[in-house]
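Here is how the chains run, residue by residue.
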Amino acid sequence: MCNSPMPPYPPLNPQVIDAANGDEKFKTFLEDPTMSKAKKIAGLTAFCDGANFAPITKSFLCVVAENGRLAENQKIYDALEEYTLAAAGQVKATVTSAQPLTPEQLKELTSKLQVHVDAGESLKVETKVDSRLVGGFTVAMGEDFFDLSLMSRIRQMEAELAKPIGA
């Protein structure tokens, strides 16, 4: 059993995720199931060396490549980040709103979310903007998901209107 403490950062560097999201060629490279594992590992090794990643990050990515899971990098990173935060006594809440929140709105929302956090834990709030929500916001916090968006209300109304009369 390993008794070494978990590093203060996930071994999957967010730069890998950002590179995949920003460069279609790199994303295709990561997700291509037909490319040999040896070729992927060689490419990742060169990428990590060029980006001066920590050896643990390079090793971790090579293991992920060997297991054919490079397409799952975002999910792996999110899970590792959640685990790291939990080990530090923090809970991450991702607030996605239709428009950027004002500092006052964020402060009020943070205080309301704090009641969902156990004593001794602190809340780390990350904000995103998604205009597809039309209005309102969603909150993803651990396994909880709160949808207070206008888009979800519109979908509910559409579903009700699509029902046959008298059903």
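Residues numbered from 1 in each chain as written. Predicted model: local features only at pLDDT ≥ 70, side-chain atom pairs only at ≥ 80, totals over all residues. Heavy atoms only, no water.

1. Points about the sheet that holds strand S2 (residues 122-129)
Here's step 1: With mixed pairing, the four strands of this open sheet are ordered in space as S2-S1-S3-S4. On the outer flanks of this sheet lie S2 and strand S4 (144-149), each paired with one strand and no other. Along the sheet, successive strands turn relative to each other by an average axial angle of 15°, direction set aside.
Here's step 2: Where strand S1 (residues 90-97) meets strand S3 (residues 136-141), five bridges bridge the pair, whose relative direction is antiparallel. Along S3, the bridge assignment pairs Thr 96 with Thr 138.
Here's step 3: Contacts from helix H5 (residues 73-87) reach S1 and S2, with the element oriented near 130° to S1. (Pairing = 2+ DSSP bridges. Helix = DSSP H or I, 4+ residues; strand = E, 2+ residues; numbered from the N terminus. Axes fitted to C-alpha atoms, helices over the stretch in contact; angles between N-to-C directions. Contact = heavy atoms within 4.5 Å.)

2. Considering the environment of Tyr 83
Here's step 1: As for its placement among the helices and strands, Tyr 83 is situated in helix H5.
Here's step 2: In sequence terms Tyr 83 and Ala 42 are 41 residues apart; their C-alpha atoms lie 29 Å from each other.

3. A word on the side chain of Ser 97
Here's step 1: With respect to the helices and strands, the residue Ser 97 is situated in strand S1.
Here's step 2: The residues contacting Ser 97, other than those within four sequence positions of it, are Lys 128, Val 129, Asp 130, Leu 133, Gly 136 and Phe 137.

4. Quick look at the nonpolar core
Here's step 1: By size, the foremost hydrophobic cluster in this structure holds 14 residues, and its most contacted members are Val 16, Phe 26, Phe 29, Leu 30, Leu 44, Leu 61 and Leu 70.
Here's step 2: Secondary-structure elements contributing two or more residues to this core are helix H1 (14-22), helix H2 (24-31), helix H3 (37-50), helix H4 (55-66) and H5.
Here's step 3: In this structure, Val 91, Leu 109, Val 117 and Met 141 belong to the second largest nonpolar core, which totals nine residues. (Core = buried A, V, L, I, M, F, W, Y, C linked by side-chain atoms within 4.5 Å. Buried < 20%, exposed > 50% of the residue type's maximum accessible area, 1.4 Å probe, protein only.)

5. A word on the packing of H4 against H5
Here's step 1: Interaxial distance between H4 and H5 falls to 12 Å at its minimum, and their mutual angle equals 130°. Taken as axis vectors, H4 and H5 run oblique relative to one another. When you trace H4 past H5, the crossing you get is right-handed. Touching Phe 60, Leu 61 and Val 64 of H4 are Asn 73, Ile 76 and Leu 80, all from H5.
Here's step 2: Considering only residue class, the contact of H4 with H5 consists of five nonpolar, one polar and no charged. (Parallel < 35°, antiparallel > 145°, perpendicular 65-115°, else oblique. Left-handed = near helix turned anticlockwise from the far one by under 90°. Nonpolar A, V, L, I, M, F, W, Y, C, P; charged D, E, K, R; others polar.)

6. Some details on H3
An α-helical segment advances 3.6 residues per turn. Residues three or four places apart therefore align on the same side.
Here's step 1: Along its 14 residues, H3 runs 20 Å from first to last C-alpha, staying within 8% of the 20 Å computed at 1.5 Å per residue.
Here's step 2: Among all positions of H3, only Lys 40, Leu 44 and Cys 48 are buried. Buried residues of H3 fall within an arc of 65° about the axis and therefore sit on the same side. Exposed and facing more than 90 degrees away from the buried side of H3 are Ala 38, Lys 39, Ala 46 and Gly 50.
Here's step 3: At its buried positions, H3 is contacted by H2 and H4.
Here's step 4: Asn 52 occupies a position one or two residues after H3 and carries a positive phi of about 55°. (Expected span 1.5 Å × (residues − 1). Arc of directions from axis to C-beta.)

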